[in-house]
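Below are the chains, spelled out letter by letter.
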Amino acid sequence: MQTLYTYVDFLKGLVYMGTYITGDCHGIFEKLILFTIRMDLKETDNIIVLGDMGLCWRKNGEDLKKFVYRWEEKLEKRPYLYFIDGNHENFDLLKTFKDGIISSHIHWLRRGTVSYFEGKKCLFIGGADSIDKFRRIKHLSWWEDEQITQEDIDKCPAEDFDYVFSHACPYSVFADNTAILGDPHFAGEEFDRTSEEMLDKLKNKIQFKHWWFGHYHKDIDLDDKFCCLYNNWKELL
Ligand SMILES: [Zn+2]
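All values reported here derive from a predicted model rather than from experimental measurement.

(A) Main features of the overall build of the protein. Across its full length, the protein carries eight helices and twelve strands. Seen along its three principal axes, the alpha-carbon backbone of the protein occupies a region of about 65 × 40 × 35 Å. Looking at the protein as a whole, 34% of its 237 residues are labelled buried. Summarising the internal contacts of the protein: among those between residues at least 6 apart in sequence, 79% fall at separations of at least 24.

(B) The arrangement of the pairing of strand β8 (residues 160-166) in detail. Pairing geometry for strand β7 (residues 120-125) and β8, over four bridges, is parallel. Counterpart to C122 in the pairing with β8 is Y163. Of the crossover connections in this fold, the one passing from β7 over helix α5 (residues 150-155) to the parallel β8 is right-handed. Across six bridges, β8 lies against strand β9 (residues 207-213) in parallel orientation. Looking across to β9, one finds that V164 is bridged to W211.

(C) Highlighting the sheet that holds strand β3 (residues 80-83). Overall, mixed pairing links the six strands, which are arranged β4-β5-β3-β2-β1-β12 in an open sheet. Edge positions in the sheet fall to β4 (101-103) and β12 (233-235), since each of these pairs with one other strand and no more. Neighbour-to-neighbour, the strand axes of this sheet turn through a mean angle of 20°, independent of strand direction. Pairing analysis gives four bridges linking strand β1 (residues 19-22) to strand β2 (residues 46-49), with the strands arranged parallel. From the neighbouring strand, T22 faces β2, where its bridge partner is V49. Taken strand by strand, helix α3 (residues 62-74) contacts β3, β4 and β5 (106-108), and its axis lies near 65° from that of β4.

(D) How the structure looks around the pairing of strand β6 (residues 113-117). Bridge analysis of β6 against β7 gives five bridges, and the strand direction is antiparallel. Its bridge partner being in β7, F117 is matched across the sheet by K120. The hairpin formed by β6 and β7 contains two residues between the paired strands, and E118 there has a positive phi angle of roughly 55°.

(E) Structural view of the environment of Y80. By the secondary structure assignment, Y80 is in strand β3. With 38 residues separating them along the chain, Y80 and K42 place their C-alpha atoms 8.1 Å apart. Not counting the four nearest positions on each side in its chain, Y80 is found in contact with N46, H105 and H107.

(F) Focus on the sheet that holds β7. What the six strands build is an open sheet, ordered β6-β7-β8-β9-β11-β10; its pairing is mixed. Only two strands of the sheet have a single neighbouring strand rather than two, namely β6 and β10 (220-221).

(G) Geometry of unusual backbone geometry. Even without a glycine there, the phi angle at E118 is positive, about 55°. Position of E118 relative to the elements: it lies in the loop between β6 and β7. According to the C-beta neighbour criterion, E118 is partly exposed, with 14 such atoms within 10 Å. Phi at H215 takes a positive value of approximately 70°, unusual for a residue other than glycine. Tracing the chain through its elements places H215 in the loop between β9 and β10. The exposure class of H215 is buried, given the 29 C-beta atoms found within 10 Å.

(H) Region of interest: the nonpolar core. With 48 residues, the main nonpolar core has L50, F83, F165, C169 and W212 as its most contacted residues. No other element matches the four residues that β7 contributes to this core. Residues contacting F165, with those up to four places away along its chain left out, are I48, L50, I84, C122, F124 and W212.

What counts and how
Here, residues in each chain are numbered from 1, in the same order as that chain's written sequence. Side-chain atom pairs in this predicted model are given and counted only at pLDDT of 80 or more, local residue features only at pLDDT of at least 70, and totals for whole chains, interfaces and linings cover all residues. Per the convention used, a helix needs a DSSP run of H or I reaching at least four residues, while a strand needs a run of E reaching at least two, with both numbered from the N terminus. Counting other C-beta atoms within 10 Å of a residue's C-beta gives its exposure: the residue is buried at 20 or more, exposed at 12 or fewer, and partly exposed in between, where C-beta atoms are placed from the backbone. Any pair of residues counts as being in contact when their C-beta atoms, constructed from backbone geometry, are within 7 Å of one another. Note on pairing: two strands pair once DSSP finds at least 2 bridges between them. When the strands point away from the viewer, a crossover counts as right-handed if the path from the first strand over the helix to the second runs clockwise. Lines fitted to the C-alpha atoms define the axes, with helices restricted to the stretch that makes contact. Angles between their N-to-C directions range from 0 to 180 degrees. Only buried Ala, Val, Leu, Ile, Met, Phe, Trp, Tyr and Cys residues enter a nonpolar core, and they are joined through C-beta atoms within 7 Å.

Listed below in structure tokens is the structure:
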């Protein structure tokens, strides 16, 4: 009997597929590498990063090339790595990749992408406003493409989804949770919340069961619908 269980477990291990979500990386990919190795992830598994991947950052793309080599060539096994854009991405570089395909196992899910993971219908919409853009330099450390536009919202079909993945959260959610999501370093200052306001339009346009977002550098389930992720991992079920 013991042998049978072991064999069944072995088979389950062969066919098990998982999709795992985490928050901002900012170009530091150790958590992705360590999670992949520790969880023994393989090609049948997926990782989704909720923006601020920071993979496309330096103009010459050297850091990008290094990570792609590490992921595609140095890892013994690798899952598919998907990410949405945040407000810390070099959009000039990012947009050079046709259909968002960076390499065979690394894909950028562009705004308005609808796809299925674990049999669940998912909508992806990156983008957010940088609260520190006043101290960054255009086309070097800041890109206006970061902001969500009406055109982005128009790309999202008015349908029912199981899951929504975004970088920022809808403004109504932010406003109800400012004490948790707001950055104390910038307390009391006025910021551009255009992207969050755009996401409110999306929230009113679609139906959804659960909404995942990053950006605020917090790990917290705000309620039974909205979850903010930073360093934690969640499995899509
Ligand atoms: Zn961030």
